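# Secondary and tertiary structure notes
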Amino acid sequence: MSKAFSGSNVVFSGIQATGAKQLGNYIGAMRQYVATQDEGEAFFCIVDLHSITADYDPQDLHDRTLDLAALLYAVGLDPKRCTLFLQSHVTAHAESAWLLSAVTGFGQLGRMTQFKEKGEGKEFVSAGLFTYPVLMAGDILLYQTDIVPVGDDQRQHVELARDIAQRFNARYGETFTIPRGVFPQVGARIMDLQEPTKKMSTSAGTPQGTVLILDEPDTIRKKFKTAVTDSGREVRYAPDEKPGVSNLIEILSVASGTSIPEVEAAYDGRGYGDLKGDVGEAVVTLFAPVKERYAELRADDGELRRLLSVGAEKARETAKPTLESMYERMGFVLR
Ligand code: AMP
Ligand code: TRP
């Protein structure tokens, strides 16, 4: 079972290579990655193999992969304190997905909400979109992971990974640590600024309601100024009743490092206009240094590739014994 939060945890998380990264990614996930680097041994994986499960452009995948590596270093991942690598550089990921498909129920995969949402109304739904969570389970389990920092939308996938691990352990003998998801207390689900009942997302959201980490400051300000709020003027945190305002309160709370009650108190009787202006400004301030570091890091392709290759080497070594145990316990004749 997982160890306590003790400083000796194995941390693992993955992030898709395609799609420009947005404020929800930062608040729900990247911010947690940075914080968990010192919890123990931390692995962060750019999940390029997952990116081919939906419509994508090969050149875009290629370029976005290096963009994302630079961005992750820019938000604060430190190559001395964590291992960042590309999923396709460590073949154990693809192999473990196949092996784990033996202990994953077809029915279980059909119940995944992400599969249903992403597949709905599409003319072509790839088999990869269906088996996506099995690849993700392999990502996590290969590292004997204790904690998985993710946003709320990945809750069901992490639960499935736990289930797969338990079924494998029961059938073939204790092989995997049972991982647990960790979700931020504030900001686990950042909503679209134009449609605050839907999560912020570059693939499914509105462009005007999605704040990109690398947006220009004026674009960020404008997106917040035109954010959809609710009727009334009361700045009160109540996600079900006032989704628009509550989303802005959460974002300001994270971006300015103040608690939700403090934000509510500060805007008591002031109305939405002030709140929107200040959230926009706080997010501009939050991302300004990230944007600057990103530009420096992205300019050096060679160094990015070198860091990723060091990361992949470390990941390969770490995953190897677990993959070997999987083959052995499942009855394969070893090489
Ligand atoms: P993706 O870019 O879909 O690979 O997501 C990477 C990480 O960002 C995952 O841990 C997601 O849960 C998290 N994430 C994505 N969108 C949001 C959002 N709107 N609010 C909070 N977390 C999010
Ligand atoms: N499915 C995750 C997402 O879309 C990305 C992911 C792939 C992941 N493998 C993972 C997250 C392993 C955590 C752990 O956001």
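None of these values were measured; they are calculated from a predicted model.

The next point concerns the pattern of salt bridges. The full count for this structure, using the stated rule, is 24 salt bridges. A salt bridge links Arg-298 to Asp-67, with the nearest nitrogen and oxygen atoms 2.6 Å apart. Remark: Asp-67 occurs in helix α2 (residues 58-75) and Arg-298 occurs in helix α11 (residues 272-298); sequence separation between them is 231 residues. The shortest N-O distance in the salt bridge between Arg-189 and Asp-152 comes to 3.9 Å. Of the two residues, Arg-189 sits in the loop between β5 (180-182) and α8 (217-225) while Asp-152 sits in the loop between β4 (147-149) and α7 (155-172), which places them 37 residues apart along the sequence. Where salt bridges share partners, they join Asp-67, Arg-298, Asp-301 and Arg-305 into one cluster.

Right, let's talk about the site of ligand 2 for a bit. Surrounding ligand 2, one finds 13 residues, the nearest of these being Gly-14, Tyr-132, Met-136, Asp-139 and Gln-154. The side chain of Gln-154 places a nitrogen or oxygen atom 3.0 Å from a nitrogen atom of ligand 2. Elements with a contribution of two residues or more to the shell around ligand 2: β1 (9-15) and α6 (127-141). Examining the composition of the shell around ligand 2, we find that four residues originate from one element, α6, more than from any other.

Interaxial distance between helix α3 (residues 92-100) and α6 falls to 8 Å at its minimum, and their mutual angle equals 115°. The two elements α3 and α6 meet at a crossing, and its hand is right-handed. Across the interface between the two elements, His-93, Ala-94, Ser-96, Ala-97 and Leu-100 of α3 pack against Val-134, Leu-135, Ala-137, Gly-138, Asp-139 and Leu-141 of α6.

All right, on to the side chain of Thr-53 then. Structurally, the position occupied by Thr-53 is in the loop between β2 (40-46) and α2. Taking the relative accessible area as the measure of exposure, Thr-53 reaches 11% and is therefore buried.

Glancing now at the nonpolar core. In terms of nonpolar packing, the biggest core is built from 59 residues, with Met-30, Phe-224, Leu-275 and Val-283 touching the most fellow members. Here the element with the most residues in this core is α2; it accounts for 10 residues. Looking at which domains feed residues into this core, each of domain 1 (9-187 + 301-329) and domain 2 (217-295) supplies at least three. Setting aside chain neighbours within four positions, we find Met-30 in contact with Ile-15, Lys-21, Asn-25, Leu-68, Leu-71, Leu-72, Val-75 and Ile-213. Cys-45, Phe-130, Tyr-143 and Ala-319 belong to the second largest nonpolar core, which has 37 residues in total.

Glancing now at α11. Given a rise of 1.5 Å per residue, 27 residues ought to cover 39 Å, and the 37 Å separating the end C-alpha atoms of α11 matches this to within 8%. The largest bend along α11 reaches roughly 35° and is located at Phe-287, with the proline Pro-289 sitting one to four residues downstream. Listed as buried for α11 are Tyr-272, Leu-275, Lys-276, Val-279, Gly-280, Ala-282, Val-283, Val-284, Phe-287, Val-290 and Tyr-294. Those residues of α11 hidden inside the fold are in contact with α1 (23-36), α2, α8, α9 (243-256) and α10 (260-266).

Taken over all residues, the pLDDT of the chain has a mean of 95, while the share at 70 or more is 98%. Below a pLDDT of 50 lies the segment residues 1-5, which in the model reaches 14 contacts outside its immediate sequence neighbourhood of four places, other chains included.

The subject of this paragraph is the domain arrangement of the chain. Under the domain assignment used here, the chain contains domain 1 (9-187 + 301-329) and domain 2 (217-295). Placing the centre of domain 1 and that of domain 2 at their C-alpha centroids yields a distance of 30 Å. Across the boundary between the two partners, domain 1 contributes 11 residues, which contact 12 residues of domain 2. Of the roughly 1000 Å² buried at the junction of domain 1 and domain 2 (both faces included), carbon and sulfur atoms supply 79%. Contact with domain 2 buries area across many residues of domain 1, yet Leu-23, Ala-74 and Val-186 alone supply 48% of it, more than any other trio. Applying the counting criterion to the domain 1 and domain 2 interface returns zero salt bridges. Taken together, the links from domain 1 to domain 2 amount to three residue pairs in polar contact (both at pLDDT 80 or more). Of the residues forming the side of domain 1 that touches domain 2, the biggest block, five residues, is contributed by α2. Residues of the side of domain 1 that touches domain 2, tallied by class, amount to eight nonpolar, one polar and two charged.

Right, let's talk about α6 for a bit. An α-helical turn contains 3.6 residues, so a residue and the one three or four places further along point in the same direction. With 15 residues, α6 extends 22 Å between its outermost C-alpha atoms, agreeing within 8% with the 21 Å of an ideal straight helix rising 1.5 Å per residue. Maximum bend of α6: about 35°, positioned at Pro-133. Burial analysis of α6 places 12 of its 15 residues in the buried class, the great majority of the element. Residues Leu-129, Phe-130, Tyr-132, Pro-133, Val-134, Leu-135, Met-136, Ala-137, Gly-138, Asp-139, Ile-140 and Leu-141 constitute the buried set of α6.

Rules used in this analysis
Residues numbered from 1 in each chain as written. Chains lettered and ligands numbered in written order. Predicted model: local features only at pLDDT ≥ 70, side-chain atom pairs only at ≥ 80, totals over all residues. Heavy atoms only, no water. Salt bridge = Lys/Arg side-chain N within 4 Å of Asp/Glu carboxyl O. Helix = DSSP H or I, 4+ residues; strand = E, 2+ residues; numbered from the N terminus. Near = heavy atom within 4 Å. Polar contact = N/O pair within 3.5 Å; in protein donor to acceptor, adjacent residues only side chain to side chain. Axes fitted to C-alpha atoms, helices over the stretch in contact; angles between N-to-C directions. Left-handed = near helix turned anticlockwise from the far one by under 90°. Contact = heavy atoms within 4.5 Å. Buried < 20%, exposed > 50% of the residue type's maximum accessible area, 1.4 Å probe, protein only. Core = buried A, V, L, I, M, F, W, Y, C linked by side-chain atoms within 4.5 Å. Domains from an automatic or database assignment. Expected span 1.5 Å × (residues − 1). Bend = angle between axes of the 7 residues up to and from the residue. pLDDT = per-residue confidence, 0-100. Buried area = accessible area lost by both parts, 1.4 Å probe. Nonpolar A, V, L, I, M, F, W, Y, C, P; charged D, E, K, R; others polar.

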